[in-house]
Amino acid sequence: MSGAALGARAVGGALAWFRDAARERPERVALRGAGGERSWGRLATDAARIAAALDGAPSGPVATLLPPDAGLVTAAFGAWLAGRVIVPLDPSFPAARLAALLADVGAGSLVTTDACASLAEEACARAADVAPARGAPRVSRLAALLDGAGAAARSVSGDASSRAADDGAPAAASLAGPDALACVLYTSGSTGTPRGVCHTHRSLLANADARVAGYALSEDDRLAALYAPSTGGLLATVLSALRARASVHLLDPRAGVDGVPRAVREDGVTVLALIASSLRALLPTAADGDLRGLRLLSLSGESLRADDLVAARRLCGPDAGLVNSYATTETGTACRWTVPPGAERDAPPLGRVADGVELAVLDEDDRPAAPGATGRVAVRGTACSVGVWDPAARAPRPWPGVWIPTGDLGVLDADGVLHHRGRADDAVNVDGRVVHLRAVEAAVAALPEVADVAVVAEDAPGGPRLVAHVVPTPGAAVDATAWRARLAADAPLAATPSRFEAHASLPRLPGGKVDRRTLAGVGAAERVPGGDGLAQTTDAARVRRAPHAGAAPPASGPPTAAPRNETELRVAALFEEVLGDAPVGAADDFFDRGGHSLLAVRLLGAIEQRFGRRLALQDLLAAPTVAALARHLDDDPALAHTQCVRLRDGDEGLPVVLVCGLFLYRHLAQALPAGRAVHAVFVQSELDALRGGRGAATVEAMAAEYLAEIRGVLPTGPFHVVGESFGGLVAFELGHALRNAGEEVGLVGLLDTAPPRLRRVDHLGRLAHHLRRARRRWTRDVRDDPAPTSNGRPADARSSTALAREARLEEARSRTYRAARRRYDLAAYSGPLALYRSLDRPEFDAFHEDPVAVWRDVGHGPFTCREVPGTHLGILRPPHVSVLARALDEDMRAVEAARG
């Protein structure tokens, strides 16, 4: 079906085509992804339910914090049916970045999943701090919207709306007009401040229809897309497949690229859309013909090289078409070039102008450049965005001129084919994201340890990498790992330098500007890693290395020592596998060895497969060397032996020991004021009990085990003892044990800990509550159960196995804790005791006697009870953990002051 024919179907509303498709083919598959399949009928029904649920939501755009799967598409259509604007956000972004975007767009609601709920709540809380007048966006979980909105959808006034909820066809009355604003897509912005690019329904559909025509899509196609959820490429690709009545297979970039060949092979994918960096990341593990079966491979996101096309042909075979697409968030697809057979060894041009846009190459006076002359590429047309979001007006601010600049330089040849000639500004394309070097420089310069900086882009096998050349402040300790982590807390990983190089001063031209060509010419062969993870140049004739605190002398011989234990050997092997570089030593830094955001995702996937641990990008940023990452993995209670871990050093006040958890307390340890030593302990014998083996299975026995472990780090007291939930009982018993041994104890802190054997007040009410919970859980499990593949195994067997393992351990933990709790008798305690209760308490608390009164009666010494915002576990997570840390610190200081 042609793009023109599809455009005619949009008459009567921007989503009339969606209504028609749902009615014509309700049983046909529309979407495939990690969450299974969605038919047209289910997609439309779920979208109508979400629209009904959003009917009473706060005003303003609807943000989504969802992976690129069927849930994101459903939420988008639901918001559009409700007449709302969507703002897709990326779950891989840090909370600070998400908060800035939410505050800028003035989002009223944020739709997310259970897995991203903690990040969503933290981002919304921070957004309220950035823009207090608007308040925090309301967080809604997608599953809850779908569960609770069915009745609401059927109650919407009007027969058409009622039928929409029942038969999966959106009502025509609810459809927005073609020129209504549809979405706001955030880009990096030339100044480092993200800017929201605004698209109407008309521009989105024009862009989608251009892809339908350019790819010759039909209903027989299966189109797979591997794009980040916040990009316009994902929306345009999904809409193009649905407009052509094809099915779309959504792949998650966070899972890496290794699953792409499997999707092509097992799901019959005929058209594949990737950014060029994803193709390069696929090459180390892909074999010849792994993408055979594709009708078409579309590459975009950055300039293609000849070797990219050679590799693509090797993977796809001789029959697949290869397309180079040139697109920006502001303009949609501007040009497209189909690579002629046999021309893979030539660097491809950007191509001919796509449908729905006009293109010009402009000179310095904004006039069309002479034929063959280099100029600034600009675009206009129905597929282009209508402007940039204006936070003050809460509406798009139109583009200032007729043409929309792309930031690229180009040449139009005599045949009307556009050739790329670099950038007109300082932007580079890193892993498919436009990154402005001056904005990265500003972020690095804001670090207190940096006196001067210049950031350059360096060619690397996987694409451009950012290198920050810095002059440290006098006496500053340089810590590249900490710098990366701090920068990535406010920006995407692609906008964070992969490597830092220290200099006494930066080379400058006679006019005083930084000599960036000299900096860019410092090749990798001229660098050796410093002991602190900071790369240092060895070419003193061109750039003088700075003598600074914290930098070790250049290494001689092998870069670092060999791995020293089994975990380091396994991690080093993964580094070598992912980076394609060997040998790797214990102190080798993943990013210094050429790692970037796409390879980081692949490494994290390999760690999950080999270790059964799911880590976040922030974990790798905090522990980027083989040795540090191995220690991080060994700290996992499910892998480690008996240990009491020091989470933070300090010599102010008494130490605090957090029991029955390690990673459970990581945010609390960071939130407590600096200067106090913080330890966490989780003993192996307790794990043995949880797994059904031998070990301590009573509170008293557990406390004895914990005390023996604590003695290895803190031979004598006094110290504070704090535990969460069941850990509070162990902390309480530890206080008894220490006082019975004649030792002084600081504060015993109980974090939302219920006393054992609380008397139940309303048995029938409690039973009804548990039945409701079981029903909701069963419904959620059935809906979220991944569809089996052709061989009967789950589509994501590795993740399912890991989750099942965690579920079994959690079930054993709960069973063991319940048994120990029943056997434990509270005895009067005369030391300082503090209870910290979550404000968002479980619903069934109302069926028990007052736990505060029980603890108050047991405490014969100073007793404090404080209420902390958050859920049972939420009090230990941002943003609420800061409130808990402040209250806990105040109570510990009061106990210390009373001691004199």
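Residues numbered from 1 in each chain as written. Predicted model: local features only at pLDDT ≥ 70, side-chain atom pairs only at ≥ 80, totals over all residues. Heavy atoms only, no water.

1. With respect to the overall build of the chain
Looking only at helices and strands, the chain features 29 helices and 35 strands. Counting the 900 residues in the chain, one finds 55% classified as buried. Carbon and sulfur atoms provide 52% of the accessible area of the chain, an area that totals close to 36900 Å². (Helix = DSSP H or I, 4+ residues; strand = E, 2+ residues; numbered from the N terminus. Buried < 20%, exposed > 50% of the residue type's maximum accessible area, 1.4 Å probe, protein only. Areas by Shrake-Rupley, 256 points an atom, 1.4 Å probe, with all protein chains shown as cover.)

2. Quick notes on the packing of aromatic side chains
Summed over all chains, the structure comprises 10 aromatic pairs. Ring geometry for Phe575 versus Phe590: centroids 5.4 Å apart, planes at 75°, classification edge-to-face. Of this pair, Phe575 sits in helix 18 (residues 566-579) while Phe590 is found in the loop between helix 18 and helix 19 (597-611), placing the two residues 15 residues apart along the sequence. Taken individually, Phe575 and Phe590 each receive the classification buried, so the pair is uniform in this respect. Ring pairs connect the aromatic residues Trp17, Phe18, Trp40, Phe77 and Trp80, which therefore count as one cluster. Over the ring of Trp403 we find Arg380; its NZ or CZ atom is 4.1 Å from the centre of that ring. (Phe/Tyr/Trp six-rings, centres within 6.5 Å; stacked < 30°, edge-to-face > 60°. Lys NZ or Arg CZ within 6 Å of the ring centre and 35° of its normal.)

3. Considering the confidence of the model for the chain
Averaged over all residues, the pLDDT of the chain is 77; the fraction at 70 or higher stands at 78%. Across residues 523-559, where pLDDT falls below 50, the model places 81 contacts with residues more than four positions away in sequence or in other chains. Across residues 687-695, confidence stays below pLDDT 50; counting only partners more than four residues off in sequence or on other chains, it has 21 contacts. (pLDDT = per-residue confidence, 0-100. Contact = heavy atoms within 4.5 Å.)

4. Concerning the sheet that holds strand 1 (residues 29-33)
Read from one edge of the open sheet, nine strands run 2-1-10-9-11-12-13-14-15, paired in mixed fashion. Single-partner strands in this sheet number two, and they are strand 2 (36-39) and strand 15 (352-353). Where strand 12 (residues 296-300) lies against strand 13 (residues 321-328), four bridges are found, and the strand directions are parallel. Following the sheet pairing, Leu297 is matched in strand 13 by Leu322. The strands touched by helix 3 (residues 40-54) within the sheet are strand 1 and strand 2, with strand 2 carrying the most contacts at an inclination of about 80°. (Pairing = 2+ DSSP bridges. Axes fitted to C-alpha atoms, helices over the stretch in contact; angles between N-to-C directions.)

5. Some thoughts on unusual backbone geometry
For the bond running from Gly717 to Pro718, omega is 0°, close enough to zero to count as cis. In this fold, Pro718 is placed in the loop between helix 24 (699-711) and strand 32 (720-724). Omega for the bond connecting Pro878 with Pro879 falls within 30 degrees of zero, at 0°, which places this linkage in the cis form. Tracing the backbone shows Pro879 in the loop between strand 35 (863-868) and helix 29 (881-899). Phi at Arg245 takes a positive value of approximately 65°, unusual for a residue other than glycine. Its place among the elements puts Arg245 in the loop between helix 11 (232-243) and strand 10 (247-251). Residue Arg245 is classed as buried on the basis of its relative accessible area, which comes to 3%. Even without a glycine there, the phi angle at Asp752 is positive, about 55°. Along the chain, Asp752 falls in the loop between strand 33 (748-751) and helix 26 (763-784).

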